[in-house]
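Structure at a glance
What follows is each chain in one-letter form.
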Amino acid sequence: MEYLNNMPSMDLMRSEKMTFIQLIIPVESAHRAVTYLGQLGLIQFRDLNAEKSPFQRTFVNQVKRCVEMSRKLRYFKDQMHKAGLLPPPLPASQPDMELEEMEIHLAEHEHELIEMNANSEKLRQSYNELLEFKMVLEKASGFLVSSSSHTTDREIELDENVYSSDDHADTASLLEQEMHSELSNQSGVRFISGIICKSKALQFERMLFRATRGNMLFNQAVADDEIRDPSSNEMVEKIVFVVFFSGEQARTKILKICEAFGANCYPVSEETTKRRQITQEVLSRLSELETTLDAGLHHRDKALTSIGYHLTKWINMVKTQKAVYDTLNMLNFDVTKKCLVGEGWCPVFAKTKIQEALQRASFDSNSQVGIIFHVMDAVESPPTYFRTNRFTNAFQEIVDAYGVAKYQEANPAVYTIVTFPFLFAVMFGDWGHGICLLLGALVLIARESKLSSQKLGSFMEMLFGGRYVLLLMSIFSIYCGLIYNEFFSVPFHIFGHSAYKCRDVTCSNAQTVGLIKYKDPYPFGVDPSWRGSRSELPFLNSLKMKMSILLGVAQMNLGIIISYFNACFFSSSLDIKYQFIPQIIFLNSLFGYLSLLIVVKWCTGSQADLYHVMIYMFLSPFEALGENRLFWGQSVLQVILLLLALVAVPWMLFPKPFILKRLHTERFQGQTYGILGTSEMGTDDQPDSAREHSEEFNFSEVFVHQMIHSIEFVLGAVSNTASYLRLWALSLAHSELSTVFYEKVLLLAWGYNNIIIRLVGLAVFAFATAFILLMMETLSAFLHALRLHWVEYQNKFYHGDGYKFKPFSFALLSDDDD
């Protein structure tokens, strides 16, 4: 035990030792000190103004200014995105500026951009109106010319055919006379021309027809050019229309409908000469506006480009300044209002670095009073901080997703680095599929520097974050695939020839006749001759099922052993005597014994029925085993192990609650007299530790908790061992799926002497392998391995009720912090 205690501690096995510190900072050096601490990133400040709202804090005005500057910077970024401009990859080097100076610069740039956008919008609106007017003039001229020619033809036809006889004039219908009078007097027919979005044209025409009760003529034509919408900045297709009508009332209705549908109406003269003259004027103004718009856009792009050179640096500066003032709002003024008091947690190894940063801040700010740094005692539990690197970070995140470790609690991530990818590989064992995963992991690792600087999607970000997990999973999959001897479900004679051969020389079909063993076993993994034999499935089922039980019992024992080291670390002898010892006895009396029987059966080649042995160990413990006996003294050993398992249950349940009650009574039995003897000291003046332990001991709550824990372990020992059989089930499912795709798709297609059928079969096989075996099966095995670690393994020792160390660090600021 002394040897184990003297061993150097692992960095990842237990969280970093933390200390609670207090800082007393003069006001003149507070901003610089917090800035240096943010660059260091090793202090988690505690909010001393938690009872105050954000608007009641000291530096709320500075925070508001930073928020306003962040809004302006986002406005600049949006304008650059709309203009299609990209900021340079590296910010230009420039001298640092103060916050007030930056605020003035940003306000000037924003005012300039707003003014340029307003002018550009007005010019764009005028340009769109002139462009629409030009198209209306062009299309409406065609309508008016065709209408006048059509009217002339109708007049000639009526004059020649209808009114050629003087006698017919008396008998002509009133409608014909009215029509003739209207045609002879064109001043009663009027028109309105304009332009409308194509999507609204049909509803617009129907509304006009209903409002005028059909007394109108609607002509339309598609505009030659699309027009840019100023609000959405998208090109919109429009329709030019001309509505012919009669009467002032109809004109009023049509104008109201045009206004409701957002149609723009433009006056068009009936005289051809005037229309040509107006068209020339419109074209001239359009040319001038195009030149003006191009010059305005060039000037705006130039201004945005100059902003883009400094945009990245400005964004980072505003972000850090806002973080500094948010942190200063967590500090409190002392009585003299000349110093700020801050409290927080930091790792023990960082105390020297923090003191150096504070001394540098005092010197740089020319403060006459130094910053006071001293360590304090704290009542609450410290935060948990593990120093991880690119490789171990993903495994630590897997553990933290279940729950953050309690301070100085044993970290499961140390063993998860090996056990997680190995249990995944047991379910995914195929060295062909493992090579595919390995290539994907190597691509992600090779492009690590490039991908880490890019903004990835949610799925790609998760995949990139677990690149080293994927690397180990693929390596272990290749290892287990070599043991299973499966390459896309096909066995290979990699480590020599098979140990089996045909029964006789005339054997032609070894798969049906059977094989006999003629030499030593295959040196590594499963003999390739098992593939396709009559006993393949029973053999592999037996192998993988028993292997799953062995792995499960081994990992559960590892979890219980880690609980022992936790108890030693926290000096909890009760947990060692009344939790660790009975748990290790109970688990190994039953399932450790089962694992022993499996190993003995493998070594001796016995035909004993292990199901019968385990069942009758409980039903008839004193009955002779007969042909199921594996070794001498097995019956006596079974009785002893059964008695130990029965004793271990009350051992876990009863002693610990009663001992805790006795210890509590002995510890505080004289406390009342001590308090009465010193009448000047009230309960509030007691040390925090005394107040904490003087709380009432609730024996019933402690006993119920221990009972639940004991029952959970006893039942969990059975259910957790059975849960590890998923290793067998998933491995079998993966192997059979791979076999089906190989034999029923690829080999079946290859049996046809047709290149098209072969290519189709190869494509289907590749698709099934990529999307079903390499994606769905990978995800399935990953989730099952995750469950085995979270539930079956970690519940033996891991509490996971701590909280993560979140230091104030500029490097941890995200884009969403604004």
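The rules behind the values
- Residues numbered from 1 in each chain as written.
- Predicted model: local features only at pLDDT ≥ 70, side-chain atom pairs only at ≥ 80, totals over all residues.
- Heavy atoms only, no water.
- Helix = DSSP H or I, 4+ residues; strand = E, 2+ residues; numbered from the N terminus.
- Buried < 20%, exposed > 50% of the residue type's maximum accessible area, 1.4 Å probe, protein only.
- Contact = heavy atoms within 4.5 Å.
- Areas by Shrake-Rupley, 256 points an atom, 1.4 Å probe, with all protein chains shown as cover.
- Pairing = 2+ DSSP bridges.
- Phe/Tyr/Trp six-rings, centres within 6.5 Å; stacked < 30°, edge-to-face > 60°.
- Lys NZ or Arg CZ within 6 Å of the ring centre and 35° of its normal.
- Axes fitted to C-alpha atoms, helices over the stretch in contact; angles between N-to-C directions.
- Parallel < 35°, antiparallel > 145°, perpendicular 65-115°, else oblique.
- Left-handed = near helix turned anticlockwise from the far one by under 90°.
- Nonpolar A, V, L, I, M, F, W, Y, C, P; charged D, E, K, R; others polar.
- Arc of directions from axis to C-beta.
- Salt bridge = Lys/Arg side-chain N within 4 Å of Asp/Glu carboxyl O.
- Expected span 1.5 Å × (residues − 1).
- Bend = angle between axes of the 7 residues up to and from the residue.
- pLDDT = per-residue confidence, 0-100.
- Patch = residues over 30% accessible without salt bridge, like charges linked within 9 Å, V, L, I, M, F, W, Y side chains within 5 Å.
- Polar contact = N/O pair within 3.5 Å; in protein donor to acceptor, adjacent residues only side chain to side chain.

**Observations regarding the overall build of the protein chain**
The helix and strand tally for the protein chain stands at 27 helices and 13 strands. Taken over 818 residues, the protein chain has a buried fraction of 41%. Expressed as a percentage of contacts within the protein chain between residues at least 6 apart in sequence, the contacts between residues at least 24 apart total 81%. Here the protein chain has roughly 46200 Å² of accessible surface; of this, 59% comes from carbon and sulfur atoms.

**Details of the sheet that holds strand β3 (residues 190–197)**
Ordered in space as β4-β7-β3-β8, the four strands form an open sheet in which the pairing is antiparallel. In this open sheet, the two strands that pair with only one neighbour each are β4 (217–222) and β8 (264–265). Direction of pairing for β3 relative to β8: antiparallel, over a ladder of two bridges. Among the inter-strand pairings, Ile195 is bridged to a residue of β8, identified as Asn264.

**As for the packing of aromatic side chains**
All told, the structure shown has 37 aromatic pairs when counted by the stated rule. An angle of 35° between the planes, with centres 6.1 Å apart, marks the rings of Tyr402 and Tyr798 as tilted. In this pair, Tyr402 sits in helix α11 (residues 393–402) while Tyr798 sits in the segment after α27 (755–793), placing the two residues 396 residues apart along the sequence. Here Tyr402 falls in the partly exposed class, since its relative accessible area comes to 36%. On the accessibility criterion, Tyr798 (6% relative accessible area) is buried. Through a chain of ring-to-ring contacts, the aromatic side chains of Tyr402, Trp790, Tyr793, Phe797 and Tyr798 assemble into a single cluster. Of note, Arg758 hangs over the ring of Trp750, and the distance from its end group to the ring centre comes to 5.2 Å.

**Digging into unusual backbone geometry**
With a phi close to 55°, Arg213 is a non-glycine residue in the positive phi region. By the secondary structure assignment, Arg213 is in the loop between α7 (201–211) and β4. A relative accessible area of 74% places Arg213 in the exposed class.

**Some details on the packing of helix α13 (residues 431–446) against helix α16 (residues 467–484)**
For any two helices packed against each other, one specifies the crossing angle of their axes together with the interaxial distance. Their axes nearest at 8 Å, the elements α13 and α16 cross at an angle of 160°. It follows from the interaxial angle that α13 and α16 lie roughly antiparallel. In this structure, the crossing between α13 and α16 has a hand that is left-handed. On the side of α13, the interface is formed by Trp431, Gly434, Ile435, Leu437, Leu438, Ala441, Leu442, Leu444 and Ile445, while α16 contributes Arg467, Tyr468, Leu470, Leu471, Ser474, Ile475, Ser477, Ile478, Gly481 and Leu482.

**What to know about the packing of helix α12 (residues 413–427) against α16**
One can describe the packing of α12 onto α16 by two numbers: an axis separation of 8 Å at closest approach and a directional angle of 50°. As far as their axial angle goes, α16 and α12 are oblique. When the axes of α12 and α16 are compared, the crossing they make is right-handed. Contacts from Ile417, Val418, Phe420, Pro421, Phe422, Phe424, Ala425 and Val426 of α12 reach α16 at Val469, Leu472, Met473, Phe476, Ser477, Tyr479, Cys480 and Tyr484. In the contact of α12 with α16, the residues fall into 15 nonpolar, one polar and no charged.

**Points about α7**
Taken as a whole, α7 has its buried residues at Ala201, Phe204 and Leu208. When α7 is viewed along its axis, its buried side chains cluster within an angular range of 60° and face the same direction. Residues of α7 that are buried sit in contact with β3, β4, β7 (238–245) and α8 (248–260).

**Here we look at the pattern of salt bridges**
Enumeration according to the criterion identifies 23 salt bridges in this entry. Two residues, Arg300 and Asp301, come together in a salt bridge whose shortest N-O distance is 4.0 Å. Accessibility expressed as a relative area gives 16% for Arg300, which makes it buried. The class for Asp301 is partly exposed, based on a relative accessible area of 25%. Here Lys804 and Asp400 are joined by a salt bridge, their closest N and O atoms 3.5 Å apart. Placement of Lys804 in the segment after α27 and of Asp400 in helix α11 is noted, with a sequence separation of 404 residues between them. For Asp400, a relative accessible area of 15% corresponds to the buried category.

**A short note on helix α25 (residues 699–723)**
Since the α-helix turns once every 3.6 residues, residues separated by three or four places project in the same direction. The terminal C-alpha atoms of α25, which comprises 25 residues, lie 34 Å apart, in line with the 36 Å expected from a rise of 1.5 Å per residue. The sharpest bend along α25 measures roughly 35° and falls at Gly716. Taken as a whole, α25 has its buried residues at Phe703, Gln706, Ser710, Phe713, Val714, Gly716, Ala717, Asn720, Thr721 and Ser723.

**A closer look at the confidence of the model for the protein chain**
With 86% of its residues at a pLDDT of 70 or more, the protein chain has an overall mean of 84. Contacts for the low-pLDDT stretch residues 150–187, under 50 throughout, to residues beyond four places or in other chains number 18 contacts. Every residue in residues 672–694 scores below 50 in pLDDT, and together they form 13 contacts with partners more than four places removed in sequence or on other chains.

**So, the environment of Met545**
Tracing the backbone through its elements, the reader meets Met545 in helix α18 (residues 536–569). Residues Met545 and Trp728, 183 residues apart in the sequence, show an inter-C-alpha distance of 5.2 Å. With residues up to four places along the chain from it excluded, the contact list for Met545 reads Tyr611, Leu725 and Trp728.

**Overview of the environment of Ala394**
Tracing the sequence through the fold places Ala394 in helix α11. With relative accessibility at 10%, the residue Ala394 sits in the buried group. Taking the C-alpha atoms as reference points, Ala394 and Tyr468, 74 residues apart in sequence, are found 7.5 Å from one another. With residues near it in sequence (within four places) discarded, Ala394 still touches Gly465, Gly466 and Val469.

**Thoughts on a nonpolar patch on the surface**
Together, Trp750, Ile755, Ile756, Leu759, Val760, Leu762 and Val764 make up a nonpolar patch on the protein surface, roughly 690 Å² of accessible area in all. With six residues, the top contributor of residues to the nonpolar patch is α27. Assignment of secondary structure puts Leu762 in helix α27.

**Digging into the side chain of Glu448**
Position of Glu448 among the secondary structure elements: in helix α14 (residues 448–452). Of note is the side chain of Glu448, whose polar atom sits 3.1 Å from the side chain of Arg467. Glu448 has contacts with Arg390, Phe464, Arg467 and Tyr468, leaving out every residue within four places of it along the chain.

**Looking at the pairing of β3**
In terms of burial, β3 is a largely internal element, six of the eight residues being buried. Bridge analysis of β3 against β7 gives eight bridges, and the strand direction is antiparallel. Bridge pairing in β7 places Ile195 opposite Val240.

**Concerning the environment of Val60**
Locating Val60 in the fold gives a position in helix α3 (residues 60–82). Here Val60 falls in the buried class, since its relative accessible area comes to 13%. Through-space distance from the C-alpha of Val60 to that of Leu328 is 9.9 Å; in sequence the pair is 268 residues apart. Apart from the residues lying within four places of it in its own chain, the contact partners of Val60 are Pro54, Phe55 and Asn329.

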